Each structure stands twice: as C-alpha cells, then as structure tokens.
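In case you want the letters, here they are:
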Amino acid sequence: EAQVTQNPRYLITVTGKKLTVTCSQNMNHEYMSWYRQDPGLGLRQIYYSMNVEVTDKGDVPEGYKVSRKEKRNFPLILESPSPNQTSLYFCASSSPSKAYEQYFGPGTRLTVT
Amino acid sequence: AQSVTQLDSHVSVSEGTPVLLRCNYSSSYSPSLFWYVQHPNKGLQLLLKYTSAATLVKGINGFEAEFKKSETSFHLTKPSAHMSDAAEYFCVRGGFKTIFGAGTRLFVKA
C-alpha cells in the first residue's frame with residue numbers, strides 16, 4: 001500500500017530538548033516536504049527536498065533542520081524547540097511525473113512546554 | 001509572486017443545498033491545481049486535481065471543480081451538501097514549491 005508514515009504521532013516535550021520527527025514514503029517519490037498547520041493560517045511549508053541531498057527552505061524554516069540522505073526518508077529536526085513550534089506537522093511526498101500531487105502522512109501533533 | 005487565495009474563510013450551507021468554495025490562483029504558467037479536504041482531527045485527503053487535461057474535473061463524493069484560465073479561478077462545487085461534507089477545504093497549487101490556500105471551513109446545517 002502506497003503510504004507516507006510519520007513518527008511519533010503525538011509528542012509533548014520541553015523547551016530546548018532536541019527532537020526528530022521521522023517521515024518515510026514507499027512510493028519512490030523524488031519530492032518530499034514538511035508543513036506545519038496552525039489555526040487560521042492553513043498549511044505553511046517548512047522545508048522541501050527535490051531529491052537526495054537536495055533541500056531548500058520553504059516559507060517558515062526558522063528553528064528547523066532537515067536532511068535527505070535516502071530517497072525514502074526526510075526527517076525534521078528541531079534542535080532547540082520553543083513553545084511557538086507547538087503545532088500540527090505534516091510530511092508529504094510527490095513526484096513531478098504525477099503533477100506534484102501530494103501524498104500526506106497522518107500528522108504529528110507536537111506540544112512544546 | 002505565485003499565490004493561492006481562498007475567498008471565504010467560512011461557508012455555511014443547509015443540507016441538500018449547493019456548495020461553492022472559491023479559489024483564485026496566480027501563476028506565470030499553467031499550473032496543476034488540487035483541492036484537499038480535512039475532516040476534524042484527521043489528515044488531508046485529495047478531492048480532485050487539475051493537470052491541464054479537461055477543465056471540468058470530477059472528484060470524490062460528488063465534488064467537482066472548473067479550471068477557468070481567463071478568471072484564474074478553480075472553484076469547488078457540489079450540487080447537494082451532506083452533513084458529512086462539514087470539514088476544512090484547501091485549494092493547492094502544485095509544484096516543487098507547493099502553495100496552499102488558507103482554507104475554507106464548510107459548515108452544513110441540518
């Protein structure tokens with residue numbers, strides 16, 4: 001089954017404690033991205049990757065890091081989380097051959113206290 | 001700059017009446033456009049997509065959208081609303097830098 005998986009689904013952490021949210025897809029998609037969703041703001045792109053070792057900033061990259069060492073994985077790293085990063089995070093993958101139709105993961109709800 | 005504008009943040013309809021959710025886009029080329037739906041506390045589900053084939057696109061659950069290049073619009077419609085349609089809807093411009101509209105929350109009254 002074609003899918004995008006994210007882990008963990010729910011996370012409560014404290015300010016400054018480094019964390020990683022994993023994302024994996026099994027569709028051999030070239031393109032992957034991370035979004036955060038906040039009430040009234042829709043989804044905003046954090047980072048995207050066009051292929052292995054190729055990443056670029058989206059609209060709200062501050063406080064986040066990513067890496068793309070393998071085609072299937074695209075982890076999101078918060079080196080020093082702060083309360084304003086409390087949000088719902090979605091990973092997505094797509095392919096230019098499918099007009100960039102996004103396949104979304106189930107979401108990760110992060111709370112930073 | 002490329003953008004996607006959803007013209008209504010909230011739309012309220014009665015069950016059985018038509019639904020219209022409006023979306024305008026800006027793009028320097030013919031874009032791929034999508035509508036996604038998000039039910040409360042759920043992920044995002046693709047409703048339909050336009051990829052430069054037919055301008056009238058049919059999706060799941062009776063939804064359809066029409067791509068109008070002259071108006072730079074991609075409005076979502078459904079002839080008859082159902083209670084289960086209550087959700088948030090996102091218009092999206094595809095590309096390596098995907099752009100989401102801010103979303104329209106649809107309320108359906110019994």
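Keep in mind it's a predicted model, so treat the numbers as computed, not measured. (Residues numbered from 1 in each chain as written. Chains lettered and ligands numbered in written order. Predicted model: local features only at pLDDT ≥ 70, side-chain atom pairs only at ≥ 80, totals over all residues. Heavy atoms only, no water.)

**With respect to the sheet that holds strand β3 (residues 19-25) of chain A**
Our working rule: Here the rule is simple: two strands pair whenever DSSP picks up at least two bridges between them. Per the convention used, a helix needs a DSSP run of H or I reaching at least four residues, while a strand needs a run of E reaching at least two, with both numbered from the N terminus.
With respect to topology, four strands assemble into an open sheet ordered β1-β3-β8-β7 (chain A), the strand pairing being antiparallel. In this open sheet, the two strands that pair with only one neighbour each are β1 (4-7) and β7 (65-66) of chain A.

**Observations regarding the state of the cysteines**
Covalent bonding between the sulfur atoms of two cysteines is what defines a disulfide. Put simply, the test is: To count as a disulfide, a pair of cysteine sulfur atoms needs to be within 2.5 Å. Here the term buried applies to any residue with accessible area under 20% of the maximum for its type, exposed to any over 50%, and partly exposed to those in between, with areas from a 1.4 Å probe on protein chains only.
The full count for this structure, using the stated rule, is two disulfides over all chains. Linked covalently through their sulfurs, A:C23 and A:C91 form a disulfide whose S-S length is 1.8 Å. Since a negative S-S torsion denotes a left-handed disulfide, the A:C23-A:C91 link at about -70° is left-handed. Remark: A:C91 occurs in strand β9 (residues 87-94) and A:C23 occurs in strand β3; sequence separation between them is 68 residues. Using a relative accessible area of 2% as the deciding quantity, one classes A:C23 as buried. Take A:C91: its relative accessible area is 0%, and that puts it in the buried class. With a sulfur-sulfur separation of 2.0 Å, B:C23 is cross-linked through a disulfide to B:C91. Disulfide B:C23 to B:C91: torsion about the S-S bond roughly -65°, handedness left-handed.

**Observations concerning a nonpolar patch on the surface**
Short version of the rule: Patch definition: residues with relative accessible area over 30% and no salt bridge; like charges joined within 9 Å; nonpolar side chains (Val, Leu, Ile, Met, Phe, Trp, Tyr) joined within 5 Å. Areas reported here follow the Shrake-Rupley algorithm with a probe of radius 1.4 Å; residue values treat only the protein chains shown as occluding. Salt bridge, as used here, is a side-chain nitrogen of Lys or Arg placed within 4 Å of a carboxyl oxygen of Asp or Glu.
There is a patch of nonpolar side chains on the surface, built from A:M50, A:V54 and B:F96 and spanning about 240 Å² of accessible area. For A:M50, a relative accessible area of 35% corresponds to the partly exposed category.

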